[in-house]
Amino acid sequence: MARRVSRRHKWTTTILAWSVAMLIFFPVLWTVQTSFKTEAQAIADPSRFFDAAWTLENYVTVQQRSDYFRHFWNSVVLSVGSTAAGLIMAVPAAWAMAFVPGRRTKSLLLWMLSTRMMPAVGALVPVYLIVRDVGLLDTRLGLVLVLMLGNLPIIIWMLYTYFREVPSEILEAARMDGASLIAEVRTVLLPMALPGLASTCLLNIILTWNEAFWTLNLTAVNAAPLTAFIASYSSPEGLFYAKLSAASTMAIAPILVLGWISQKQLVRGLTFGAVK
Amino acid sequence: MGQVTLDKVRKNFGAAEIIPPLDLRVENGEFLVLVGPSGCGKSTLLRLIAGLEEVTSGRIYIDGQDVTDFPPARRRLAMVFQSYALYPHMTARENIAFPLRMAGLDRDEQNRRVEQAAQVLNLADCLDRRPAQLSGGQRQRVAIGRAIVREPAAFLFDEPLSNLDAALRVGMRLELAELHARLKTTMIYVTHDQTEAMTLADRIVVLRAGRIEQIGSPQELYRTPQNLFVAAFIGSPSINLIGGDAARQYSAHTIGIRPEHVAVATGHGIWRGVVTVAEHLGSDTVLHVHDTGVADAVTARVSGDVPVRSGDTVYLTPNGDCIHRFDEEGCRIPPPRNPSRLPEHSKDVCDT
């Protein structure tokens, strides 16, 4: 039976939800708004929120000073590349854990996930030295590998959860029907786990796009993605607030658009299997 | 061809022995049903034959070829699962064609075989629908179609009708029997429903704890159960098992008498009791009679709709021709050489 909700309760929760949403969204709104101000207006005290003169000058300057599209392309290569490489590694691992689990599968999964809890800076020196010694410093390949390995536990965990929702009888039926292991995964398992697979990809792309520790420490020029592009406008004196905001807006815009377009898929994937 | 032979096949899960060494031979074209209570190992046995589980020891032969180490696809078997196991992202046509696609058949041949199977199974109108858009019966037919197109040496059915409602189950049972008559392919069928077993099987294998209790035709199992377990398992309503003095009269530890072999009268009979439940089924009436002094309850089935109600007193008389006798171990006692040693109304205890 559905719970009855009073009108007052409905209004209160709606206002509360909007307040929290606006609080979370405010920094983004502030950044976008500041990107259209002049540098003088951006640092004015008190800050002028609504009556500032709107200008596109910052965007033009940012594009003239630094090559946005090169950074953008690097971000695309890193996020898509690390996601694709991660899937190639994670699909067999998640399959094995979901369908031929051992006694320590659960412990292994938890251990893998726990590595994400370690601060990345703790592994900075060894990772930096390894990447440098194999000649992958400031290369896309080096970053793809590092980012892929960083997110691999999450990809495996998510795929494992989705694979477990696929009835094993269906895979057995495919085996009886003559499907090889690869055909079984390709023609039956992956299409059935498609919502989960899509949300795993989206989440990994978003995580990689926003990653700002390894991308700043292992790149300089050639493989620098949009996070490095933003960082290049930061200044301790705070003199380039407007330009920094313009760079930030340009960096986050693609992922915001992607998130907006795919929000339905993301929510569907993240709640996949929660309700039968 | 489709002769399946199990030679001392054993299956352990860890330390637990699920199937002790078991020998079984399924003849070409035979409809063999494996029955038994839940957990008796019948589905495990089927999965061993299919190759979905590895045997702990023993060998499996199909048409004389040792397939013990073959993967499922190379055993030339097709299996229909309890949950249908259809591929939800494919249409009925794609589901049926899947094994042909995996075998690398060209598209024309795939279509020809799919159309042929669809015609046999009355599926022509729903070939382009996905499983979610099909009824339970149609899904089951698609699963059977997927098995048929492979033209296997034998079909394996793992409780294929248990997800259907009662009316549909009866219809599908008939269709399966017709299919077997038409294809004449070996079928090994697992069920816990003894009505399915009795109506479909050429031979029934009754399993308990992985052991074969008895193998025989439905009539053999019904008429000459070799032990108490088979006697109690086969037949619905269940056989009446009576011990004590009533059994000793027949020189047995326990006697069994099927409900339809108990005559019911209101005037006189051997056992007097009170009807607690009367099930009026239309064609038959099943009476559950208490306070008879020989068993907690005696069940009797009489033909037609008899005007007996709960609380009525009735007299029951077992048909002496059809009493089954069992010893202390629960094993069947062969018919006596000298029937005169038995009570007057059971001189010719039947064994057939």
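The model shown is predicted, which means the values in this text are computed figures rather than measured ones.

What counts, and at which threshold
Residues numbered from 1 in each chain as written. Chains lettered and ligands numbered in written order. Predicted model: local features only at pLDDT ≥ 70, side-chain atom pairs only at ≥ 80, totals over all residues. Helix = DSSP H or I, 4+ residues; strand = E, 2+ residues; numbered from the N terminus. Buried ≥ 20, exposed ≤ 12 C-beta atoms within 10 Å, placed from the backbone. Contact = placed C-beta atoms within 7 Å. Pairing = 2+ DSSP bridges. Axes fitted to C-alpha atoms, helices over the stretch in contact; angles between N-to-C directions. Core = buried A, V, L, I, M, F, W, Y, C linked by C-beta atoms within 7 Å. Nonpolar A, V, L, I, M, F, W, Y, C, P; charged D, E, K, R; others polar. Domains from an automatic or database assignment. pLDDT = per-residue confidence, 0-100.

Moving on, we come to the overall build of chain B. Within chain B, the secondary structure is distributed over 9 helices and 18 strands. In terms of overall dimensions, chain B has a C-alpha envelope of 75 × 45 × 35 Å along the principal axes. The proportion of buried residues among the 352 residues of chain B is 41%. By sequence separation, contacts in chain B at least 24 residues apart represent 64% of the contacts at least 6 residues apart.

Now for the sheet that holds strand β16 (residues 297-303) of chain B. All names here are of chain B. What the 5 strands build is an open sheet, ordered β13-β17-β14-β15-β16; its pairing is antiparallel. Since the sheet does not close on itself, it has two edges, and those belong to β13 (262-265) and β16, each with one partner. With strand direction ignored, the average angle separating the axes of adjacent strands in the sheet is 45°. Note that strand β14 (residues 271-280) and strand β17 (residues 313-318) share 4 bridges and pair antiparallel. Following the sheet pairing, glycine 273 is matched in β17 by valine 314.

In this structure, A:Ala94, A:Leu159, A:Phe163, B:Leu156 and B:Ile188 are the most contacted members of the largest nonpolar core, which totals 149 residues. With 13 residues, the single largest contributor to this core is helix α7 (residues 140-164) of chain A. Among residues more than four places away in sequence, those in contact with B:Ile188 are B:Val4, B:Val26, B:Leu32, B:Leu34, B:Leu46, B:Ile49, B:Ala154 and B:Leu156.

Residue and element names in this part refer to chain B. Taken in spatial order, the 6 strands make up an open sheet running β6-β7-β8-β3-β9-β10, and their pairing is mixed. Lying at the two open borders of the sheet, with one neighbouring strand each, are β6 (77-80) and β10 (211-216). With strand direction ignored, the average angle separating the axes of adjacent strands in the sheet is 20°. With 4 bridges joining them, β6 and strand β7 (residues 154-158) adopt parallel strand pairing. When the sheet's bridge partners are listed, alanine 78 is paired in β7 with phenylalanine 155.

Moving on to the interface of chain B and chain A. Residue-level contacts link 17 residues of chain B with 14 residues of chain A. With 3 residues, the top contributor of residues to the side of chain B that touches chain A is helix α2 (residues 92-102) of chain B. Tallied by class, the residues present in the side of chain B that touches chain A amount to 14 nonpolar, 2 polar and 1 charged.

Take the domain arrangement of chain B next. Residues and elements named next belong to chain B. What the domain assignment lists for chain B is domain 1 (4-228) and domain 2 (239-346). Taken over C-alpha atoms, the centre of domain 1 sits 38 Å from the centre of domain 2. Across the boundary between the two partners, domain 1 contributes 4 residues, which contact 7 residues of domain 2. Grouping the amino acids of the side of domain 1 that touches domain 2 by side-chain chemistry returns 2 nonpolar, 2 polar and no charged.

In this section: the domain arrangement of chain A. Taken domain by domain, chain A consists of domain 1 (7-59) and domain 2 (66-232). Relative placement of domain 1 of chain A and domain 2 of chain A: their C-alpha centres are 34 Å apart.

A few words now on the confidence of the model for chain B. All names here are of chain B. Per-residue confidence for chain B averages 90 on the pLDDT scale, and 95% of its residues sit at or above 70. Contacts from residues 345-352, a stretch scored under 50 in pLDDT, to residues over four places away or in other chains number 24 contacts. Taken over the whole predicted complex, pTM reads 0.80, whereas the ipTM for its chain interfaces reads 0.83.

What follows is about the pairing of strand β2 (residues 16-26) of chain B. Residues and elements named next belong to chain B. Judged from the 7 bridges that link them, strand β1 (residues 4-13) and β2 form a sheet pairing that is antiparallel. What sits directly across from valine 4, in β2, is valine 26. Taking the residues between adjacent antiparallel strands as the criterion, β1 and β2 are bridged by 2 residues, where glycine 14 takes a positive phi near 65°.

Moving on: the environment of A:Lys243. All names here are of chain A. Among the secondary structure elements, lysine 243 is positioned in helix α13 (residues 241-270). For lysine 243, a count of 23 C-beta atoms within 10 Å puts it in the buried group. Spatially, the C-alpha atom of lysine 243 lies 48 Å from that of serine 6, the residues being 237 residues apart in sequence.

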